[in-house]
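A structural walkthrough
Here is how the chains run, residue by residue.
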2 protein chains.
Amino acid sequence: MLGRIAIVRNVQRTALKRSTGCSVLRQFSVQAALFKQPVPPKGRSKTVDDINKCVLNAKYAVRGRIPLLAEALKTQLAENPESLPFSKIINANIGNPQQLDQKPLSFYRQVISLIQNPDILNQLSPAELSKLYKPDVIERAQRLLKDAGGSVGAYSQSQGVAGYRETVADFIANRDGEPANANDIFLTSGASGSVAHILQLFCSSPENGCLIPIPQYPLYTATLALNNASALPYFLDEESGWSTDPQQIEDVVKDAIKRGVTPTTIVVINPGNPTGAILSAENIEAIFEVAARYGLVVIADEVYQENGFDDVEFISMKKVLRVLQKTQPGAYDNVQLVSLHSISKGVSGECGQRGGYMELVGFSEEVKQVILKLASISLCPVVTGQALVDLMVSPPKEGEPSYEQDQKERNAIHEALKERASLLHRAFQSLEGVSCQKPLGAMYLFPKIDLSKKAIAKAGSLGMTPDEYYCKELLEATGICTVPGSGFHQVPGTFHVRTTFLAPGTEWIESWKEFHEKFWDAHRD
Amino acid sequence: MLGRIAIVRNVQRTALKRSTGCSVLRQFSVQAALFKQPVPPKGRSKTVDDINKCVLNAKYAVRGRIPLLAEALKTQLAENPESLPFSKIINANIGNPQQLDQKPLSFYRQVISLIQNPDILNQLSPAELSKLYKPDVIERAQRLLKDAGGSVGAYSQSQGVAGYRETVADFIANRDGEPANANDIFLTSGASGSVAHILQLFCSSPENGCLIPIPQYPLYTATLALNNASALPYFLDEESGWSTDPQQIEDVVKDAIKRGVTPTTIVVINPGNPTGAILSAENIEAIFEVAARYGLVVIADEVYQENGFDDVEFISMKKVLRVLQKTQPGAYDNVQLVSLHSISKGVSGECGQRGGYMELVGFSEEVKQVILKLASISLCPVVTGQALVDLMVSPPKEGEPSYEQDQKERNAIHEALKERASLLHRAFQSLEGVSCQKPLGAMYLFPKIDLSKKAIAKAGSLGMTPDEYYCKELLEATGICTVPGSGFHQVPGTFHVRTTFLAPGTEWIESWKEFHEKFWDAHRD
């Protein structure tokens, strides 16, 4: 048998050298396999037991149990449209505006279509072109393409296209009235990537801790779990509009230190997710006071900064920091801040395009080089996502040809969001056992539901948290998919639900109200 | 002073409640800051010393020291074009075709421009549209958009758009003549993301090891360093065309086990990077034999599968596995395989668009659910990148309107790549002290440079590895940016350089030859 193996292998090698075609190789390969000795005792396949425990522990409720159930019901409806008490799933679990009916901004998509396919400029006459693209669209596309080196298909610098970073720096400087430098800016594939980098640097073992607001967007707890680092919750105060209590933050820091955990970072989500709250300058100053005292890197998740309603102005954390540094020279110079923004939210809603930036304030060149190295391992963020960041922070200006249409679209989206937020808020306020803070921004409401003992017991019997049970019942009765408050963490003994207010129309809100009344009656103690 | 703080804070709160405009809030905020008590002793800013050691240890030479030097020289040239002995930098350090002169495939970019901006279909007459888009372009764009739920701006399923995964499954089935299932396929933002996920699961501590080929694409060593896991090198044999020695692989496994490290995974890069080698079916079977015996998850990095020249056919690892499983029932059923593909290479060259897939073979539903959870934390891969995967694996077919043009473009790119590879290979073979294996695929050459003692000593005096020194001298004399072999690892005592053969023209090759002759003379022992 050995002889036959040898012959076949020799033939195979010769065949390779003589550039044999595919089918002959395959034939020899099969024959060689047949002649091989049987394989000795086998190793074991990998199962869930072999998986890194940190990965098993990480949870991300936004695409967790309830949304997965919703996907299954969606499939069921596709196969049998009459089989459920509703005709479609309403994904109110995730801030995904363009999955519902929000249209993308025309200016963005026109520019992006041109940078993807610049040949269009040569294939149509000027008159034909003008049906598709106003002059400022063409101009912007040409500039973006030039900055990218000629093609969005080439890897860019790992830090992001230099020209786009300049645009971001200008935006920040205009927004805050404080200088910003393109070298401090990293373009990313959205906020999630930025968070992963920073926590990987400073929060990567149980001895390091990151303060996170409760309730929080579960990217933070998930990333900390993956890193096997310590999550240090500080509770936002629901009754005062989800405000931040600096004393509490300091207590959390001191307690962690006592337990042998060094807090290295603090996350601040402003405008809040899931709370919809906007922090006052006072709140922000107090946070910096603690950060300065304990050397905490501040991660300012500001992705909803364009989603404020008119009531309260958003103030960036960087702005507040600069004011503090000027008015109290020396006192806040040690503070390090990472500010995050994203194209997924605001009125852009370009979630699927994956783009964002982080601005690094107060970090040495050496540390920035390490962050650059980390970014380089994944090569670069998607270039069209980077281009969309440029577009987001630098929309058409007054007097430019696309300005009016762009403003019209933006205002329509703003108004729609504001109206839906208001409608949904009023609906919740009208329900028995439900109270809801007025949303000042973001895309969510986070109503508190005072579930009865009966409901709590029923949930327990099903192996669910009480709010998970409420969400499951809501989903199965109405098709509305939400996320239980337990996914965001909350004061123990309280129950919440996070819903977006993005879905169009009012019918779904009416269904929710009907469901809630029936649920309430069925679970009265 | 306390009184004044109180007054200002009250005014601030009232201002907030009365929906004050921005400038008033900022004014109050500044005043409040002025009245605060001074901040107690400060915490320390984070420096490099505070950074996770694993991040500090990770290296990624493709964008390492030499490429960073090249960037600095590029900036210098932009400011002062006469200041260096060359007029431009040639980035031969990275497989980035569209940064050089490779054009994207027209069909792809036409489709993508339409899915970004479908309004185009309503804004032009049929005659005008036909100047831009043939009917199959429009049809494909409409199908891709429908599969994505109507907009590329919405988050997709975390596993990737279902319809695109079906297309990938069809492609795999046709390529191998073996069934493939869309449920086993995950769309990703390129191979880097897939590798990060799999290693995060199975190779995340020093007790776990991953076998990697030497030389290797440094994504693997970088990711293992970040994970604090053990890299277990197995050496490819340069003299026999960089072939794989199964006995050596088994020795590496046994040695690791003796040292208390459990090998869990083995990476196979085929076609090879940086080697350009294509594995025979025999080589692949031998790898599976060891994988089966020791329960190793096989990561098949097959991103260059469309970059074979005509000499040797690429055979997928999955195909070989299925043949083994059929011809030796029971013997290979425990083998788990992750096959990677990407839109960055082949003739697509869409590096900056970030798209790829991984096919999971032999994993339980449970394990796949964990991988899905991990994917969900970053929400979803960029949707247009996902669409480009669909386009890559399912190009225009014969008889379709775009077929001829598409074939013409593909063949031109193939021919250009083949010709450049051949030209560069011949150039290296003509140089004193240089030998180079014939490239069978991928985009790189990895010539061996037998540096003299004098050159080695000079490198040492500059604190560089010898091949790094060669690359630096080459860069400073000619503008050609390459990556030293030490970045990919190599047999100790040998020196290599990795260069792409993507740069157009022959001048740069002539410059390299001239440089080498001078360098050789200057460093004769």
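Please read these numbers as outputs of a predicted model, since none were measured by experiment. (Residues numbered from 1 in each chain as written. Chains lettered and ligands numbered in written order. Predicted model: local features only at pLDDT ≥ 70, side-chain atom pairs only at ≥ 80, totals over all residues. Heavy atoms only, no water.)

Bringing the interface of chain A and chain B into the picture now. The partner chain B presents 119 residues to the 119 residues of chain A that form the contact. Across the chain A to chain B interface the summed buried area is about 10500 Å²; carbon plus sulfur atoms make up 56%. Summed over the shared surface of chain A and chain B, the number is two salt bridges. Taken together, the links from chain A to chain B amount to 55 residue pairs in polar contact (both at pLDDT 80 or more). Examining the composition of the side of chain A that touches chain B, we find that eight residues originate from one element, helix H2 (residues 22-35) of chain A, more than from any other. Here the residues of the side of chain A that touches chain B are counted per class, giving 52 nonpolar, 41 polar and 26 charged. (Contact = heavy atoms within 4.5 Å. Buried area = accessible area lost by both parts, 1.4 Å probe. Salt bridge = Lys/Arg side-chain N within 4 Å of Asp/Glu carboxyl O. Polar contact = N/O pair within 3.5 Å; in protein donor to acceptor, adjacent residues only side chain to side chain. Helix = DSSP H or I, 4+ residues; strand = E, 2+ residues; numbered from the N terminus. Nonpolar A, V, L, I, M, F, W, Y, C, P; charged D, E, K, R; others polar.)

So, on to helix H15 (residues 365-377) of chain B. Under the 1.5 Å per step criterion, the end-to-end length of H15 of chain B is 19 Å for 13 residues, consistent within 8% with the ideal 18 Å. By the criterion of burial, H15 of chain B is predominantly enclosed, with ten of the 13 residues buried. Burial in H15 of chain B covers these residues: Val367, Lys368, Val370, Ile371, Leu372, Lys373, Leu374, Ala375, Ser376 and Ile377 of chain B. Those residues of H15 of chain B that are buried are in contact with helix H3 (53-57), helix H10 (191-202) and helix H11 (219-226) of chain A together with strand S2 (185-188), helix H10 (191-202) and strand S8 (356-361) of chain B. (Expected span 1.5 Å × (residues − 1). Buried < 20%, exposed > 50% of the residue type's maximum accessible area, 1.4 Å probe, protein only.)

Expressed as a screw transformation, the operator carrying chain A onto chain B has a rotation angle of 180° and an axial translation of 0.0 Å, and the superposed copies differ by an RMSD of 0.0 Å. Taken together, these values place the two copies in the relation of a two-fold axis. No C-alpha of chain A approaches the rotation axis more nearly than that of Ser113 of chain A, which lies at 2.1 Å. A shared binding surface is used by both copies, with 100% of the interface residues of chain A retained as interface residues in chain B. (Least-squares fit on C-alpha atoms with pLDDT ≥ 70 in both.)

This brings us to a negative patch on the surface. On the surface, Asp237, Glu239, Asp245 and Asp251 of chain A cluster together to form a negatively charged patch. With respect to the secondary-structure elements, Glu239 of chain A resides in the loop between strand S4 (230-235) and helix H12 (246-258). (Patch = residues over 30% accessible without salt bridge, like charges linked within 9 Å, V, L, I, M, F, W, Y side chains within 5 Å. Areas by Shrake-Rupley, 256 points an atom, 1.4 Å probe, with all protein chains shown as cover. Lys, Arg positive; Asp, Glu negative; His and termini not counted. Charge placed at Lys NZ, Arg CZ, Asp CG, Glu CD.)

All names here are of chain A. The element strand S5 (residues 262-269) is largely enclosed, with a buried count of seven among its eight residues. Bridge count between strand S3 (residues 208-214) and S5: four bridges; the pairing is parallel. When the bridges of S5 are listed, Leu211 appears paired with Ile266. As defined by bridge partners, S5 adjoins strand S6 (residues 297-301) across five bridges and the pair is classed as parallel. Its bridge partner being in S6, Val268 is matched across the sheet by Ala300. (Pairing = 2+ DSSP bridges.)

Residue and element names in this part refer to chain B. Strand order in the open sheet made by the three strands is S10-S14-S13, with antiparallel pairing throughout. Of all the strands in the sheet, just strand S10 (444-445) and strand S13 (483-484) have a single pairing partner and so form its edges. With two bridges joining them, S10 and strand S14 (residues 497-500) adopt antiparallel strand pairing. Along S14, the bridge assignment pairs Tyr444 with Thr500.

The next subject is the packing of helix H8 (residues 135-147) of chain A against helix H16 (residues 383-393) of chain A. Residues and elements named next belong to chain A. Two elements in contact, H8 and H16, have axes whose closest approach is 11 Å; the angle formed by their N-to-C orientations is 135°. By the angle between their axes, H8 is oblique relative to H16. Here the hand of the crossing between H8 and H16 comes out right-handed. Contacts between H8 and H16 involve Arg140, Arg143 and Leu144 from the former and Ala387, Asp390 and Leu391 from the latter. (Axes fitted to C-alpha atoms, helices over the stretch in contact; angles between N-to-C directions. Parallel < 35°, antiparallel > 145°, perpendicular 65-115°, else oblique. Left-handed = near helix turned anticlockwise from the far one by under 90°.)

So, about the nonpolar core. Counting 334 residues, the largest nonpolar core has Phe288 of chain A together with Phe288 of chain B as its most contacted members. Leaving out residues up to four positions away in the same chain, Phe288 of chain B has contacts with Val298, Met317, Val320, Leu321, Leu324, Tyr332, Val335 and Leu337 of chain B. (Core = buried A, V, L, I, M, F, W, Y, C linked by side-chain atoms within 4.5 Å.)

With that settled, consider the UniProt feature "domain: Aminotransferase class I/classII large" (unreviewed entry) in chain A. Taking the numbering used here, the UniProt-annotated feature "domain: Aminotransferase class I/classII large" (unreviewed entry) corresponds to residues 135-506 of chain A. Here residues 135-506 of chain A runs as 43% helix and 15% strand, with 39 Å between its end C-alpha atoms. (UniProt positions renumbered as here; feature names shortened; annotations may be inferred.)

All names here are of chain A. Per the counting criterion, the structure on display carries 23 aromatic pairs over all chains. When the centroid spacing of 6.4 Å and the interplanar angle of 25° are considered together, the rings of Phe202 and Phe363 count as stacked. Taken together, the positions of Phe202 in helix H10 and Phe363 in the loop between strand S8 (356-361) and helix H15 (365-377) put the pair 161 residues apart, joining distant regions of the chain. Here the aromatic residues Tyr469, Tyr470, Phe515 and Phe519 are joined through ring pairs into a cluster of three or more. (Phe/Tyr/Trp six-rings, centres within 6.5 Å; stacked < 30°, edge-to-face > 60°.)

Moving on to the pattern of salt bridges. Residues and elements named next belong to chain A. One pass over the full model with this rule turns up 48 salt bridges over all chains. For Glu510, the salt bridge is made with Lys513, and the minimal N-O distance between the two is 4.0 Å. Here Glu510 pairs with Lys513, and both are found in helix H20 (residues 507-522), just three residues apart, close to one helical turn.

All names here are of chain B. Look at helix H5 (residues 106-116) against helix H8 (residues 135-147): their axes get within 9 Å of each other, and the N-to-C directions meet at 50°. The pairing of H5 with H8 is recorded here as oblique in orientation. Taken as a pair, H5 and H8 cross one another with a handedness that is right-handed. Along its contact with H5, which presents Phe107, Gln110, Val111, Leu114 and Ile115, the element H8 presents Asp136, Val137, Ile138, Arg140, Ala141, Leu144 and Leu145. Taken together, the residues of the contact of H5 with H8 sort by class into nine nonpolar, one polar and two charged.

A word on the environment of Lys146 of chain A. Along the chain, the position of Lys146 of chain A falls in helix H8. Considered as a pair, Lys146 of chain A and Gly163 of chain A are 17 residues apart in the sequence and their alpha carbons are 9.1 Å apart.

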